[in-house]
Amino acid sequence: MRFNSNNPIDIQRAKERLNFLIEKKKVFDITAKKETKTYPQLKYAHLIMGWFALEYGETLEYIKLEYFKKLINPEIFEFEFINRKTGDIRTSYRSCANVSKEELRLAITKFRAYSAKEAGIYLPDATDLVFMQQIEIEINNNQQYL
């Protein structure tokens, strides 16, 4: 689990977790995480999709495919191919890792606009490090819902 020492709630949760591990005589590791100056584009995209998924009550994979790729950005991610065996024309979606930086930037911009306007969910800019760190903590602590 990851905790933010600037957040009193996280401090309390960290102490409770540490006391639990000591009480159960478990082996544990404590490490300090380095602060990032910015979030790389792909990591940022996945973090805001994860935050949207938590806030919206869906899984990350569902949000990524149904909202980010199909609904909001089909012109960037959607492509057609011919099935080699049946000859049927099929539709598929490219991975976020396989699009250009400019395409991903545009997709993120459109996703943030959709999120704010249609879903009422604020997705922070990549430069809002405090909010992004908190999102990363929340996503790590709520993996069972994603």
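See above for the structure.
Residues numbered from 1 in each chain as written. Predicted model: local features only at pLDDT ≥ 70, side-chain atom pairs only at ≥ 80, totals over all residues. Heavy atoms only, no water.

S.K.: Hey, could you run me through the nonpolar core in this one?
M.R.: Generally speaking, a soluble globular protein has its nonpolar side chains buried in company with each other. Among the nonpolar cores identified, the biggest contains 26 residues, and Phe-68 and Phe-111 are the most heavily contacted of them. Elements that contribute at least two residues to this core include exactly α2 (41-56), α3 (60-72), α4 (74-77), α5 (101-119) and α6 (129-141). The biggest single contributor to this core is α2, with eight residues. With sequence-adjacent residues up to four places away left out, Phe-111 is seen in contact with Ile-48, Met-49, Phe-52, Ile-63, Phe-68, Ile-72 and Leu-123. (Core = buried A, V, L, I, M, F, W, Y, C linked by side-chain atoms within 4.5 Å. Buried < 20%, exposed > 50% of the residue type's maximum accessible area, 1.4 Å probe, protein only. Helix = DSSP H or I, 4+ residues; strand = E, 2+ residues; numbered from the N terminus. Contact = heavy atoms within 4.5 Å.)

S.K.: Please explain the packing of α2 against α6 as it appears in this structure.
M.R.: A pair of packed helices can be characterised by two numbers: the angle between their axes and the separation between those axes. As a packed pair, α2 and α6 sit with axes 10 Å apart at the nearest point and diverge in direction by 60°. One way to sum up the angle between α2 and α6 is to call them oblique. For the pair α2 and α6, the crossing hand works out as left-handed. For the pair α2 and α6, the contacting residues are Lys-43, Tyr-44, Leu-47, Ile-48, Gly-50, Trp-51 and Leu-54 in the first and Phe-131, Met-132, Ile-135, Glu-136, Glu-138 and Ile-139 in the second. In the contact of α2 with α6, the residues fall into nine nonpolar, one polar and three charged. (Axes fitted to C-alpha atoms, helices over the stretch in contact; angles between N-to-C directions. Parallel < 35°, antiparallel > 145°, perpendicular 65-115°, else oblique. Left-handed = near helix turned anticlockwise from the far one by under 90°. Nonpolar A, V, L, I, M, F, W, Y, C, P; charged D, E, K, R; others polar.)

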